[in-house]
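An overview of the molecular structure
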Amino acid sequence: MTLAGTGTKRACKLPAADRDDAHALCAELADPAPVADADPCQPVVAHPGTSGWGVEIGGRIRAKATLRTLPKMTYAGRPYALMENVITALVHRGQGLGR
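For the structure given in this document, a descriptive report is provided here. (Residues numbered from 1 in each chain as written. Predicted model: local features only at pLDDT ≥ 70, side-chain atom pairs only at ≥ 80, totals over all residues. Heavy atoms only, no water.)

Scanning the protein for helices and strands turns up two helices and five strands. Each helix and strand of the protein, placed in order from N terminus to C terminus, yields the pattern β-β-α-α-β-β-β. Split into buried and exposed, the 99 residues of the protein put 27% on the buried side. Considering only contacts in the protein between residues 6 or more positions apart, those separated by 24 or more positions represent 48%. Carbon together with sulfur atoms contributes 59% to the accessible area of the protein, which is approximately 6,700 Å² in total. (Helix = DSSP H or I, 4+ residues; strand = E, 2+ residues; numbered from the N terminus. Buried < 20%, exposed > 50% of the residue type's maximum accessible area, 1.4 Å probe, protein only. Contact = heavy atoms within 4.5 Å. Areas by Shrake-Rupley, 256 points an atom, 1.4 Å probe, with all protein chains shown as cover.)

Right, dumping it as structure tokens:
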């Protein structure tokens, strides 16, 4: 996929190497409220059934979301998923990156 004027974009599972980009997105969203340091965020992403996803543009994560998969008491225990903390960098908002 290509986003006008930005080069290639791709959706990807966030590796630890992208922690700084994800942290910057959280800080941009929460400004002026403080955001936890990267190390206190580790228990969140290390929690079973939790993964971080992002959209990479030009080698940087410009949008992210947290996906949590949880067990369900109905439907024979099949899991369900919650998508939360969907954040897009201000300069990339309105371009459909969070879809």
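This next bit is on the pairing of strand 3 (residues 50–57). Burial within strand 3 is extensive, with seven of its eight residues counted as buried. Here eight bridges tie strand 3 to strand 4 (residues 60–70), and the two strands are oriented antiparallel to one another. Looking at the pairing, Ser 51 lines up with Leu 67 of strand 4. (Pairing = 2+ DSSP bridges.)

Time to look at the pattern of salt bridges. Under the defined criterion, the tally for this structure stands at three salt bridges. Among the salt bridges present, the one from Asp 21 reaches Arg 60, with a minimum N-O distance of 2.8 Å. Taken together, the positions of Asp 21 in helix 1 (residues 19–30) and Arg 60 in strand 4 put the pair 39 residues apart, joining distant regions of the chain. A residue is classified by how much of its surface remains accessible, and Asp 21, at 10% relative accessible area, is buried. Residue classification places Arg 60 among the partly exposed residues on the basis of a relative accessible area of 37%. In this structure, Arg 68 and Glu 84 form a salt bridge, with 2.3 Å as the shortest nitrogen-oxygen distance. Within this pair, whereas Arg 68 is found in strand 4, its partner Glu 84 is found in strand 5 (residues 80–88), the two being separated by 16 residues in sequence. (Salt bridge = Lys/Arg side-chain N within 4 Å of Asp/Glu carboxyl O.)

The residue Ser 51 is located in strand 3 in this model. The class of Ser 51 is buried, set by a relative accessible area of 11%. In this structure the side chain of Ser 51 is engaged in a polar contact, spanning 3.0 Å, whose partner is the side chain of Trp 53. Residues in contact with Ser 51, not counting those within four places in the same chain, are Lys 13, Ala 65, Thr 66 and Leu 67. (Polar contact = N/O pair within 3.5 Å; in protein donor to acceptor, adjacent residues only side chain to side chain.)

Checked against the element boundaries, Lys 64 lands in strand 4. Buried charged residue Lys 64 carries no salt bridge. Nearest counter-charge: Glu 84, at 8.5 Å. The residues contacting Lys 64, other than those within four sequence positions of it, are Leu 14, Ala 22, Leu 25, Cys 26, Trp 53, Gly 54, Asn 85, Val 86 and Ile 87. (Lys, Arg positive; Asp, Glu negative; His and termini not counted.)

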